[in-house]
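# Chain and residue survey
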Amino acid sequence: MRVVHRPDGARRVLATDVETADGVVSRARGLMFRRSIPDGYALWFRFDRPARRSLHMLFVPFAVDAVWLVGDEVTAVRRLPAWRGLGWGTADAVLELPAGAADGVDPGDRVVVEDADASGDGDGSEARRE
């Protein structure tokens, strides 16, 4: 899978290594206790419906960019500092990326998680799972 930012018809890959956190344990752990995350990595939190979602940086020793999504529309983007960051947004999915990876991503933009073999040309091949 990969994360693709699609502002105004353009296309930019934000991550090519996507890990899904959709279980109770994986959501609770998130990025805690990791020493770092590589460029091109994303942790994808998926939920059944849009709601107010929070992220914390307790036991995360590096900054991340967080992107809150409803469908494929960005509702919020924040850089969360190591150890003490806290962010909130309305979402049915949240992405955590290395700090700087979401530069240029703004609320209202489109961000999709798609299969790595998808053409990404808008033909409906996105693998967004709700």
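Use the structure listed above.
In short, a report on the structure. All figures in this text were calculated on a predicted structure; none of them were measured in a lab.

Rules behind the numbers
- Residues numbered from 1 in each chain as written.
- Predicted model: local features only at pLDDT ≥ 70, side-chain atom pairs only at ≥ 80, totals over all residues.
- Heavy atoms only, no water.
- Helix = DSSP H or I, 4+ residues; strand = E, 2+ residues; numbered from the N terminus.
- Buried < 20%, exposed > 50% of the residue type's maximum accessible area, 1.4 Å probe, protein only.
- Contact = heavy atoms within 4.5 Å.
- Areas by Shrake-Rupley, 256 points an atom, 1.4 Å probe, with all protein chains shown as cover.
- Phe/Tyr/Trp six-rings, centres within 6.5 Å; stacked < 30°, edge-to-face > 60°.
- Lys NZ or Arg CZ within 6 Å of the ring centre and 35° of its normal.
- Pairing = 2+ DSSP bridges.
- Axes fitted to C-alpha atoms, helices over the stretch in contact; angles between N-to-C directions.
- Polar contact = N/O pair within 3.5 Å; in protein donor to acceptor, adjacent residues only side chain to side chain.
- Salt bridge = Lys/Arg side-chain N within 4 Å of Asp/Glu carboxyl O.

## Brief notes about the overall build of the chain
Assigned secondary structure in the chain consists of one helix and eight strands. The order of α-helices and β-strands along the chain, N terminus first, is β-β-β-α-β-β-β-β-β. Residues counted as buried form 45% of the 130 residues belonging to the chain. The long-range share in the chain, meaning contacts at least 24 apart out of those at least 6 apart in sequence, stands at 64%. Working note: accessible area of the chain is about 6600 Å², and carbon and sulfur atoms make up 49% of it.

## Observations regarding the packing of aromatic side chains
Enumeration over the complete set of coordinates arrives at zero aromatic pairs. Against the face of phenylalanine 47 rests arginine 53, its NZ or CZ located 3.9 Å from the ring centre. One residue, arginine 78, lies across the ring of tryptophan 68, its end atom 5.4 Å from the ring centre.

## A few points about the sheet that holds strand E5 (residues 64–70)
Strands sit in the order E3-E4-E7-E5-E6 across an open sheet of five strands; the sheet is mixed. Of all strands in the sheet, those bounded by a partner on one side alone are strand E3 (17–21) and strand E6 (73–80). On average, adjacent strands in this sheet sit at an angle of 25° to one another, irrespective of strand direction. Sheet analysis places strand E4 (residues 41–56) next to strand E7 (residues 86–98), joined by ten bridges and oriented antiparallel. Note on E7: the bridge partner recorded for arginine 53 is glycine 89.

## Observations concerning the side chain of glutamate 114
Note that glutamate 114 resides in strand E8 (residues 111–114). There is a polar contact of 3.1 Å between the side chain of glutamate 114 and the side chain of arginine 6. Reaching out from glutamate 114, the side chain makes a polar contact with the side chain of arginine 11 at a distance of 2.8 Å.

## Some thoughts on the pattern of salt bridges
This structure, assessed with the given rule, holds seven salt bridges. Here arginine 11 makes a salt bridge to glutamate 114, at a shortest N to O gap of 2.8 Å. Residue arginine 11 is located in the loop between strand E1 (2–5) and strand E2 (12–15), and its partner glutamate 114 is located in strand E8; the two are separated by 103 residues in the primary sequence. The residue arginine 79 makes a salt bridge to aspartate 103 at a minimum N-O spacing of 2.8 Å. One end of the pair, arginine 79, is in strand E6; the other, aspartate 103, is in the loop between E7 and E8, with 24 residues separating them in the sequence. On the basis of relative accessible area, aspartate 103 is assigned to the partly exposed category, the value being 46%.

## Quick look at the sheet that holds E1
Strand order in the open sheet made by the three strands is E2-E1-E8, with antiparallel pairing throughout. Whereas interior strands pair on both sides, the edge strands pair on one side only; in this sheet they are E2 and E8. With strand direction ignored, the average angle separating the axes of adjacent strands in the sheet is 35°. Judged from the four bridges that link them, E1 and E8 form a sheet pairing that is antiparallel. Bridging across to E8, histidine 5 finds its partner in valine 111.

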